[in-house]
Amino acid sequence: MNSAPRLELEPPGAPPSVRNGSLGRPGAVLRLGDLLVSESLATQAQVQKALHVQDSSKSYMPLGHILIAQKVITRRQLTSVLVRHRRSAKLGQLLVKAKAVTSDELAAGLKEQRRTQQLLGQILLQLKHITEEQLRRALCLQLHIHFFDLDTLVLDTSLKALINPCFAETRLLVPVARVRNTLVVAMDDPTRTAVIDELRSSTGLEIEVITSTTASIRRALAQLYPERQQPSSNGRALPTKRCEPSPIAGEPHVIKFEELDRLSEDLAPVHNDVLRGSEGTSGMVRQLLTVAIDRGASDIHLEAVDHGIQIRFRIDGVLQGLDLAGLDETLASTRGKLMSRLKILSKLDIAERRRPQDGSFRARLERDGQTTTVDFRVSMIPGYYGESAVIRILDPRGLPQSVDALGLREPVAARLRQLLCSSTGLILVTGPTGSGKSTTLFGALRSIYHPGIKILTAENPIEYVCDGFRQHEVNDQLGNTFARYLRSFLRHDPDVIMVGEIRDSETADLAFRAAQTGHLVLSTLHTNDAISALPRLLDLGVDANLIASSLLGVLSQRLVREVCSECREPATPSPELLSTLLHLASSDFDWYRGRGCGGCNYTGYRGRMVLAELWTPNDADIMLINRGAPFADISKSAQKTTLPMAEDVIDKLKQGRTNLEGLDEVEQEVG
Ligand SMILES: [Zn+2]
């Protein structure tokens, strides 16, 4: 009985209902009809018809209830009118009308209420004037919802997938039935309109609320979600605390995501949170982005799973979970709302849930006294359990402003700087996807740029904007391909051209022609090492002579995770790793690993560094290429003109900045 419902709309200390003198006075009821007519929600005839039904009904039924049953108005419309005009019926009146209490009992209850400042319903329960069921039935009349004895209903277990169990349990609600586009939900506290709004948003269905006794709702929950009633034994602790968003503590940085907040608030339904202030999810997207940016994540993955959402962050190239201090639970229970908010921010179609959509938004971020603009690219796809989203974070603060900032070892950086001084020729950057090729190109272009030259870029997509470059985005649908841009660029008299990627014969051919006609061209290829660029270009149909005359150099790179400097400790690698990767390490040096600490999210790694090799063909190499010599011969000759990656690896191993485990990861990724 201690679970007495908190359904009261009548605050303690409110003027006693009886004093309103509305008991049994039909005028007060008529006024609701007038209100509905004046707001064009019902016609005079509909109200008259409903009043007729009310008169002929044996038990008392409020007019609003009848109009809802007759489908003249919805419960939302009625609640909105009642709340705005402060016309909610008084609980005491309803109990008297329903003959649950006598006027004398009510008067005694109200007297007690003035003394104890408790809720009227609770007092009447304590005085044993009413039962919980009678109270609830009266509240149902007050809220214009139906009361059901849940114990007599057969639960439809297929509906449990629609609602996150954590959400259902903490809000004490049970899905009961689904009729076409409407989900009927039994709620312990049906006044929580924000919870109803969240359900509507997460399920995509209209929600019809009913109620029952607290005990029977708990029994129904136990029946529907039995796995949540047992203590967890599989190691995955089930959340027991309330699913509330908690602010990220101790963050020195303040994010001013003005646009996020404004757009989010505009979405809020008119009477959302009228009855309860803080149930909404405002600010959650902002909190999520704050965590991601502070941790240096490149992407946030929001994946729909059974009953909720899995939230992971790509940090240093690896997907990992973070301790979100309860935020993840809140987001899981309000997945639909989260997705809707992301769609609004990214200017996507909020009603579209069945097709993939891509969008973006931008937010201003204030940190260390500086304001930067961060771009977010949002991609949404529908899946088996609902929509999943990936948010790519384009934070310009991490961008290299020159070749020096790329982290290349000095001989490689020096030779690359030299190549970038050329006014004509082609420089290629190669590596697998996600090896930082575009970052390297950006740093290289920043090194070259000065106001006296013109730099044109064709990118897919443009990730970072730089005022010094004229950037162009590839759009295959419009026919704006790399090749088409390259052809046009030649008529725009550039000094430097950057082509995001060479992946077809036409682009390859045009890039080499541009390089031959007095332009410095930078681009990328998808190959595993520097010398492999040669067979790849030949495959693409580029003439060997053209390659020989224009190829200045090929930089091949990898990103490898750096051992966390805060928790680094000596360690011996496993014999298997030593045997598979020992060809890289010739001598006996000290091995290190990260033990794992808060700074590295217990991964042992923090940040990434680049491992690179640079091949700059000399006359001997060029003669062989020109002659069409076998690849083995060219490759052998190129060894003398290549600063090899193996040197880089041994350097970094000796410094303890990487280890065999980290390198093995790269090998697998490449293989
Ligand atoms: Zn660490």
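Source: prediction; values computed, not measured. (Residues numbered from 1 in each chain as written. Predicted model: local features only at pLDDT ≥ 70, side-chain atom pairs only at ≥ 80, totals over all residues. Heavy atoms only, no water.)

Asker: So what exactly am I meant to see when it comes to the pattern of salt bridges here?
Answerer: Pairs can form between side chains of opposite charge once their charged atoms are near each other. Under the definition given, this model contains 25 salt bridges. Of the charged contacts, one joins Arg657 and Glu562 as a salt bridge, the two residues approaching to 2.8 Å between their closest N and O atoms. Note that Arg657 is positioned in the loop between helix H25 (645-654) and helix H26 (660-670) and Glu562 in strand E16 (residues 551-563), a separation of 95 residues in sequence. When salt bridges that share partners are traced, they join Arg409, Glu647, Asp648 and Lys652 into one network. (Salt bridge = Lys/Arg side-chain N within 4 Å of Asp/Glu carboxyl O. Helix = DSSP H or I, 4+ residues; strand = E, 2+ residues; numbered from the N terminus.)

Asker: Hey, could you run me through unusual backbone geometry in this one?
Answerer: Across the chain, the bulk of peptide bonds are trans and the bulk of non-glycine residues have phi less than zero. Between Asn460 and the following residue, Pro461, the backbone shows a cis peptide bond with an omega angle of -10°. By the secondary structure assignment, Pro461 is in the loop between strand E12 (455-459) and strand E13 (470-473). One non-glycine residue, Asp493, lies in positive phi territory at about 50°. Checked against the element boundaries, Asp493 lands in the loop between helix H18 (482-489) and strand E14 (496-499).

Asker: Even after reading the chapter, I still don't get the pairing of strand E5 (residues 299-305), so can you show me in this structure?
Answerer: The side chains of a regular strand alternate, residue by residue, between the two faces of the sheet. The buried count for E5 comes to 5 of 7 residues, which makes it a mostly enclosed element. The pairing of E5 with strand E6 (residues 308-315) spans 7 bridges and is antiparallel. Across the sheet, residue Asp299 finds its bridge partner in E6, namely Arg314. Connecting the antiparallel pair E5 and E6 is a turn made up of 2 residues, with His307 showing a positive phi of about 70°. (Buried < 20%, exposed > 50% of the residue type's maximum accessible area, 1.4 Å probe, protein only. Pairing = 2+ DSSP bridges.)

Asker: Any chance you could explain the nonpolar core here in plain terms?
Answerer: Nonpolar side chains in soluble globular proteins generally cluster together in the buried interior. Counting residues in hydrophobic clusters, the biggest one holds 39 residues, and the most contacted among them are Leu426, Leu428, Val521 and Trp615. Looking at which element gives the most residues to this core, the answer is helix H19 (residues 505-516), with 6 residues. Non-local contacts of Trp615, meaning those with residues more than four positions away in its chain, are made with Ala530, Ile531, Leu551, Leu552, Gly553, Val554, Asp621, Ile625, Ala638, Thr641 and Thr642. Residues Val285, Met339, Phe361 and Leu365 belong to the second largest nonpolar core, which totals 34 residues. (Core = buried A, V, L, I, M, F, W, Y, C linked by side-chain atoms within 4.5 Å. Contact = heavy atoms within 4.5 Å.)

Asker: Hey, could you run me through the coordination of the zinc ion in this one?
Answerer: Expected angles at a metal are 109.5 degrees for tetrahedral coordination by four donors and either 90 or 180 degrees for octahedral coordination by six donors. Protein-derived coordination of the zinc ion comes from Cys564 (SG), Cys567 (SG), Cys597 (SG) and Cys600 (SG), at a distance range of 2.3 Å. Considering all 4 donor atoms around the zinc ion, angles at the metal cover 104 to 112° and the coordination shape is tetrahedral. Sequence spacing of the donors to the zinc ion: C-x2-C-x29-C-x2-C. Of the two residues, Cys567 is situated in the loop between E16 and strand E17 (568-570) and Cys600 in the loop between strand E18 (592-594) and strand E19 (605-615); the sequence distance between them amounts to 33 residues. Relative accessible area serves as the criterion here: at 1%, Cys567 is assigned to the buried category. Classification of Cys600 as buried rests on a relative accessible area of 4%. (Donors = N, O, S within 2.8 Å, 3.2 Å for Na, K, Ca; no water. Tetrahedral: all angles 85-135°; square planar, octahedral: opposite > 155°, others 65-115°.)

Asker: Even after reading the chapter, I still don't get the sheet that holds strand E4 (residues 206-211), so can you show me in this structure?
Answerer: For sheets, the rule is that strands pair by backbone hydrogen bonds, running either parallel or antiparallel. Taking strand neighbours across the sheet as the criterion, the 4 strands line up as E1-E4-E3-E2 in an open arrangement whose pairing is mixed. The open sheet has two edge strands with one neighbour each: strand E1 (146-147) and strand E2 (173-179). Direction of pairing for E2 relative to strand E3 (residues 182-187): antiparallel, over a ladder of 6 bridges. Each bridged residue has a counterpart across the sheet, and for Leu173 the counterpart in E3 is Met187. Contacting E2 and E3, helix H11 (residues 214-224) crosses the sheet at an angle of about 75° to E2. (Axes fitted to C-alpha atoms, helices over the stretch in contact; angles between N-to-C directions.)

Asker: Would you mind going over the confidence of the model for the protein with me for this structure?
Answerer: It should be kept in mind that the predicted coordinates are not to be read in detail where pLDDT is low. When pLDDT is averaged along the protein, the result is 80; 84% of the residues meet or exceed 70. Predicted confidence is poor over residues 1-30, with pLDDT under 50, and the contacts of this stretch with residues over four places away or in other chains come to 61 contacts. Of the regions scoring below 50 in pLDDT, residues 230-280 engages in 95 contacts with residues more than four places distant in sequence or in other chains. (pLDDT = per-residue confidence, 0-100.)

Asker: Just checking my understanding: could you explain the packing of aromatic side chains for this structure?
Answerer: Each aromatic ring pair is summarised here by two numbers: the centre-to-centre distance and the angle between the ring planes. If you walk through the whole model with that rule in mind, you get 6 aromatic pairs. With a centroid separation of 4.9 Å and 80° between ring planes, the pair formed by Tyr384 and Tyr385 is classed as edge-to-face. We classify Tyr384 as exposed; its relative accessible area is 76%. The exposure class of Tyr385 is partly exposed, given its relative accessible area of 39%. Look at Phe442 and Tyr464: their rings are 6.4 Å apart centre to centre, the planes differ by 70°, and that puts the pair in the edge-to-face class. Placement of Phe442 in helix H17 (residues 437-448) and of Tyr464 in the loop between E12 and E13 is noted, with a sequence separation of 22 residues between them. Of note, Arg568 hangs over the ring of Tyr592, and the distance from its end group to the ring centre comes to 4.5 Å. (Phe/Tyr/Trp six-rings, centres within 6.5 Å; stacked < 30°, edge-to-face > 60°. Lys NZ or Arg CZ within 6 Å of the ring centre and 35° of its normal.)

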